Amino acid sequence: HGLVFGAGVLLSLLALASLLIALRAGGAALGWGFQLQEPWVVIALMYLMLALGLNLSGVFSMGGGLTGVGQVMTEQRGLRGTFATGVLAVIVASPCTAPFMGTALGFALTRPPLETLLVFAALGIGFALPVTLLGIWPRWVRLLPSPGPWMERLRNALAFPLYATAAWLLWILSQQVGPAGLAGALAGSVLLAFGLWWLGRPVRRRGLRNAVGGTLVLVSLVLLGLAGRNAPQLDAVTVADTWSRERVGILQQEDRAVLVNFTAAWCITCKVNEQVALTTDAVQEAMKERGVAYLKGDWTRRDPAITEELRRYGRSGVPLYLLYPAGQGSPRVLPQLLTEGLVLQALSEIDAI
């Protein structure tokens, strides 16, 4: 009976693996894949680790409604009922054990079919082994620790390796996408956590709870897609030289106009201006045609030189945009709220500064 129970578990997981492989193959033919080089896959895995960690922390629960599935099958006598019990164990317990198997499943879904099957086979063996061994040597039951509060403490402690994995995936993402993509992924993770917490709250109106929680989770998935598409732009504008007064003077002596962008990572206005006005194709082309150098003064961390430069132009903070003419001369101070048309007009009038 122990061996037949293990066979039911193992065959069920291998069948599930085969189904996932078939679905993945169909998806690959449509043009998508599970490579970790894809930012959206990294974000999806980060969300998975976060959700599993929140589950282990007790923020929400999953799988409780499946505990009654298949009872009629398991009540059959003989090896047939034992085999059905193994199958049911996978069906019922998989949602509950997802936090423990989620990391392995996430890895398996990124690998070739044979490796995927091997991972699922290893999961099945590990899943069935305790019950199978107890079926062979029943006396070992007395060696098991008694259930108690220690199980909940262990469950909570196991959440932190998953949080660490999510943080590592976020670091990988920071190497793949620009600041806007990273901000979108972070916003999505907050919405996902809030949505899962909301779904886990005991409320009377379940329909309202499910609608609100489902909407939050859906929005987080939309942000996943948007963040995954936001790769950093490596062009003449976004890859800027570091600002210094000496650097501005050298460029002017080389008979080049200079556009200086004083910005900070936490300045939302700065980031919006860069997206809508400074990194557009039309502005980049205009800067290339006129040989305009682009410098950035990053005020994300305290910088006395930038602080002093801001004060020179009557500003207490960023953004500040200065357009210097070629040769020599004082700069033109551009508005704090930029548009593509405004920047193009300023570039066209640069010789008149």
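Here the structure is a predicted model, which means the values were calculated and not measured.

Participant: For this particular structure, what's the right way to read the packing of aromatic side chains?
Facilitator: Here the distance between the centres and the angle between the planes together describe a pair of aromatic rings. This model, assessed by the stated rule, comprises six aromatic pairs. Consider the rings of F194 and W197, whose centres lie 5.5 Å apart with planes at 20°: the pair is stacked. Of the two residues, F194 and W197 are both situated in helix α8 (residues 179-199); the distance of three residues between them amounts to about one turn of the helix. A relative accessible area of 38% means that W197 is categorised as partly exposed. Of the aromatic side chains, those joined through ring pairs into one cluster are F194, W197 and W198.

Participant: Which parts of the structure should I look at to understand the pairing of strand β2 (residues 258-263)?
Facilitator: Successive residues of a regular strand alternate their side chains across the two faces of the sheet. The element β2 is largely enclosed, with a buried count of six among its six residues. The alternating pattern of β2 places V258, V260 and F262 and L259, N261 and T263 on opposite faces, both of which are buried. Bridging between β2 and strand β4 (residues 320-324) involves five bridges; their strand directions are antiparallel. Residue pairing in the sheet places V260 in a bridge with L322 of β4.

Participant: Would you mind showing me how to read a nonpolar patch on the surface here?
Facilitator: Nonpolar side chains collect at one region of the surface, where L3, I136, W137, W140 and L143 lie side by side and expose about 570 Å² of accessible area between them. Assignment of secondary structure puts I136 in helix α5 (residues 113-136).

Parameters and conventions
- Residues numbered from 1 in each chain as written.
- Predicted model: local features only at pLDDT ≥ 70, side-chain atom pairs only at ≥ 80, totals over all residues.
- Heavy atoms only, no water.
- Phe/Tyr/Trp six-rings, centres within 6.5 Å; stacked < 30°, edge-to-face > 60°.
- Helix = DSSP H or I, 4+ residues; strand = E, 2+ residues; numbered from the N terminus.
- Buried < 20%, exposed > 50% of the residue type's maximum accessible area, 1.4 Å probe, protein only.
- Pairing = 2+ DSSP bridges.
- Patch = residues over 30% accessible without salt bridge, like charges linked within 9 Å, V, L, I, M, F, W, Y side chains within 5 Å.
- Areas by Shrake-Rupley, 256 points an atom, 1.4 Å probe, with all protein chains shown as cover.
- Salt bridge = Lys/Arg side-chain N within 4 Å of Asp/Glu carboxyl O.

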